[in-house]
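So you can see what is in the structure, the chains are spelled out below.
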Amino acid sequence: MSSDSSHHASDHDHHHDPGFIRKYVFSTDHKVIGIQYGITAMLFLAFGFYLMMVMRWSIAYPHEPLPEWMSWIFTDGWKARWLQDGKVTGETYNMFGAMHGTIMVFLGIVPLGFGAFGNYVTPLQIGAPDMAFPRLNMASYWIYLVGGLVMCGSFFLESGAAKSGWTNYSPLAGFADGQVVNQWLAGQTQWLIGLVLLITSSLLGSVNFITTIINLRARGLTWMRMPFFVWAMLVTGFLLLLAFPPLEAAGIMQLMDRVAHSSFFLPSGLFTKADGLADISGGGSPLLFQHLFWFLGHPEVYVLLLPAFACVSDIIPANTRKPLWGYKSMVYSVLVLGFLSFIVWAHHMYMTGMGPAVSTFFQTTTVLISVPSVIIITSMLISLWGGSIRFTPPMMWACAFIPMFGIGGLTGLPLAFNLVDLHLHDTYYVIGHFHYVVAPGILFGFFAGILHWYPKITGRYMNGVLNHLHFWPSLICMNIIFFPMLLQGMAGFHRRWYNGGDSYLAKASDSANVFGQTVAENIDLNILMSMGAWTLALAQIPFVINLFSSWKVGKKVESDNPWHATTLEWATPTPPGHGNFTFEPAVYRGPYEYSRPGLKEDFLPQWIEPEKPAEKK
């Protein structure tokens, strides 16, 4: 621990102690809020993962009841309502599928990347004492938590949770749970209320980040001296600020369709099997909802991705002991990426019958957006070349991130073309592509980030042996789960089969039924993927043990800068106190000054003043 720390501690005695509740629960300190976001997001991720494990059982063993180790979480009453002879029904599968996607994206990965890493690290890296609007920051977290609890609480309602997919398309979502007398208590309505709260939280956060990064940078921290991490967070803030309002509007309009009998997204002439011709005013456009959803939906992918890029871009230079290759190219690429992400949304909608002119435009922009992504990944890859690589725990995850994200990106390129998409739309190929980006891609980047900044947050390292027990099974299982999905998708397996295609097996014996035979050839992959998913769950146990035990028993850091890194967060005491810095930080150089000739050490931090030349006598 440096002498700065003891100086800070004595200085801190003069501050009024706000008490436990104000300090750790309703805190306005960006570091506490970042930890709150991180722990909450990981709990939501665990719940979303559990829903997926139940779905994988239904797909692999459609005729077997849920085993006790998986169903103990449900009450007997809930099982009687939602399971049939202990087996998952199509309705329950739809509910778990919709909530798995919603929880993982909106309640898990966005809050973990932007809320946790962004909140904790960004003010430290720019030399700020806190975020620009600390109370707004606190409000953002609590609105997020309430929105998440509203969504997840809907599992206990009579109607169950939302069942119309994580995309919530109208008119299906407009009619779902129509049997419930009080529509405010329907799971589908609660989903929309939760969504509006989550979007409000993200908007408050994005305004805060943009203001903080533009206005609160330390003296000397010019734009091109900012770490790539901060650039990525700035672009993420703009993506949230510009892309979320259309979905918030769509959510409120769909809410009105459900509770106020409007017809923003409900067309005339709708006919349902239960009620016949629907008694609605009509005249709405279901297609409009898709446009509003995907106008957020594609920038959202980069809201998920950029924080992972941000983490990896800090870890690679610190562990190769050389500057980040192509820093300026990466900065310009992330700006172009942010712009292009707003003009590719309709590649999710090729099946809606847009003409060849419109689809050609979106095909072109979708191929173009791969260019900045490739520049960023290539820069990271070249940064490894010729480096004196230290395979520390964070570096293992960062190195695995690059090829895993690469697979996710490459498998997405064929989907850019509407001719290919006609065959692959809504198949497991799309699931495999997206999950390669998000699970072994983005989550690996986040695991790297947790290991990298854990010593700064706690003053202790995480355990290396437990990290190996977490890393290798996770890397293997991720590929066991998602690579077969690409194969099944090309064979035509639909993403929403709750029995994994079992009902087609009866047709496999008919030599004329080619599809039945194709299903029979590929259906055994279901069991392999499900086994991989359950093993992946076991592989997370060492991480959970490591995360909480290292806080108390982990090896203590030797200094405030244990990785010998160059960015400003390593100039603070460990852990950083109120106000972060014990001196007024100033920046004298770029963020990645490693292995410069003529220096005593192989790193030159941003905050070290340059030596003045000796005066001539």
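Here is what the cut-offs are and how they apply
Residues numbered from 1 in each chain as written. Predicted model: local features only at pLDDT ≥ 70, side-chain atom pairs only at ≥ 80, totals over all residues. Heavy atoms only, no water. Helix = DSSP H or I, 4+ residues; strand = E, 2+ residues; numbered from the N terminus. Expected span 1.5 Å × (residues − 1). Bend = angle between axes of the 7 residues up to and from the residue. Buried < 20%, exposed > 50% of the residue type's maximum accessible area, 1.4 Å probe, protein only. Polar contact = N/O pair within 3.5 Å; in protein donor to acceptor, adjacent residues only side chain to side chain. Axes fitted to C-alpha atoms, helices over the stretch in contact; angles between N-to-C directions. Parallel < 35°, antiparallel > 145°, perpendicular 65-115°, else oblique. Contact = heavy atoms within 4.5 Å. Nonpolar A, V, L, I, M, F, W, Y, C, P; charged D, E, K, R; others polar. Core = buried A, V, L, I, M, F, W, Y, C linked by side-chain atoms within 4.5 Å. Phe/Tyr/Trp six-rings, centres within 6.5 Å; stacked < 30°, edge-to-face > 60°. Salt bridge = Lys/Arg side-chain N within 4 Å of Asp/Glu carboxyl O.

A.B. asks: Describe helix H11 (residues 286–320), and please don't skip the residues or the numbers.
C.D. replies: Along its 35 residues, H11 runs 51 Å from first to last C-alpha, staying within 8% of the 51 Å computed at 1.5 Å per residue. A maximum bend of about 25° is found in H11 at proline 299. Among the 35 residues that make up H11, 30 are buried, leaving the element largely enclosed by the rest of the structure. Two residues or fewer after H11 comes arginine 321, characterised by a positive phi angle close to 60°.

A.B. asks: Go over the environment of glutamate 593, please, and point to the residues and values.
C.D. replies: Within the secondary structure layout, glutamate 593 lies in the segment after helix H20 (541–553). Residue glutamate 593 is classed as buried on the basis of its relative accessible area, which comes to 18%. Taking the C-alpha atoms as reference points, glutamate 593 and leucine 604, separated by eleven residues in sequence, lie 5.4 Å from one another. At 2.8 Å, the side chain of glutamate 593 forms a polar contact with the side chain of arginine 596.

A.B. asks: Quick rundown of the packing of helix H16 (residues 428–458) against H20? Include the residues and the values.
C.D. replies: H20 packs onto H16 with a crossing angle of 10° between their chain directions and a minimal axis gap of 11 Å. With respect to their mutual orientation, H16 and H20 come out roughly parallel. Residues Phe447, Ile450, Tyr454, Ile457 and Thr458 of H16 lie in contact with H20, whose contacting residues are Phe543, Asn546, Leu547, Ser550 and Trp551. Looking at the contact of H16 with H20 residue by residue, the class counts come to seven nonpolar, three polar and no charged.

A.B. asks: How would you summarise the side chain of threonine 574 if you had to cite specific residues and measurements?
C.D. replies: Relative to the elements of secondary structure, threonine 574 occurs in the segment after H20. Here the side chain of threonine 574 touches aspartate 560 through a polar contact of 2.8 Å, side chain to side chain.

A.B. asks: Before we move on, could you go through helix H12 (residues 327–340) and cite the residues and values that matter?
C.D. replies: Along its 14 residues, H12 runs 20 Å from first to last C-alpha, staying within 8% of the 20 Å computed at 1.5 Å per residue. Buried within H12 we find Tyr327, Met330, Val331, Ser333, Val334, Leu337, Gly338 and Leu340. As for H12, its buried residues are in contact with helix H10 (228–259), H11 and helix H13 (356–384).

A.B. asks: Give me the lowdown on the nonpolar core, citing residues and values where you can.
C.D. replies: With 181 residues, the main nonpolar core has Phe228, Phe309, Met380 and Phe401 as its most contacted residues. The contacts of phenylalanine 309, once residues within four sequence positions are left out, are Phe228, Ile376, Ile377, Met380, Phe401 and Phe405.

A.B. asks: An account of the packing of aromatic side chains is requested, with residue identities and associated values reported.
C.D. replies: Evaluation of the coordinates by the stated rule reveals 52 aromatic pairs. Aromatic side chains phenylalanine 295 and phenylalanine 342 sit 5.6 Å apart centroid to centroid with 45° between the ring planes, which places their arrangement in the tilted category. You can see phenylalanine 295 sitting in helix H11 and its partner phenylalanine 342 sitting in the loop between H12 and H13, a full 47 residues away along the chain. For phenylalanine 295, a relative accessible area of 22% corresponds to the partly exposed category. Overall, phenylalanine 342 belongs to the buried group, its relative accessible area being 14%.

A.B. asks: Mind laying out the pattern of salt bridges, listing which residues take part and the relevant values?
C.D. replies: Counted under the stated rule, the structure contains six salt bridges. The shortest N-O distance in the salt bridge between arginine 321 and aspartate 602 comes to 3.0 Å. Note that arginine 321 is positioned in the loop between H11 and H12 and aspartate 602 in the segment after H20, a separation of 281 residues in sequence. Arginine 321 gets classed as buried once you look at its relative accessible area, which sits at 5%. Given a relative accessible area of 32%, aspartate 602 falls into the partly exposed group. Residues aspartate 426 and arginine 495 are paired through a salt bridge, measuring 3.3 Å at the closest nitrogen-oxygen approach. Of this pair, aspartate 426 sits in the loop between helix H15 (418–424) and H16 while arginine 495 is found in the loop between helix H17 (464–490) and helix H18 (514–522), placing the two residues 69 residues apart along the sequence.

A.B. asks: Pulling in residues and values, what's your account of unusual backbone geometry?
C.D. replies: The amide bond that connects serine 170 to the next residue, proline 171, takes the cis arrangement and shows omega of 5°. Its place among the elements puts proline 171 in the loop between helix H7 (134–153) and helix H8 (172–175). Going from threonine 574 to proline 575, the amide bond is cis rather than trans, its omega being -10°. With respect to the element layout, proline 575 can be found in the segment after H20. The phi torsion at aspartate 177 lies on the positive side, around 60°, for a residue other than glycine. Mapped onto the elements, aspartate 177 comes out in the loop between H8 and helix H9 (187–215). In this structure, serine 595 takes a positive phi of about 50° despite not being glycine.

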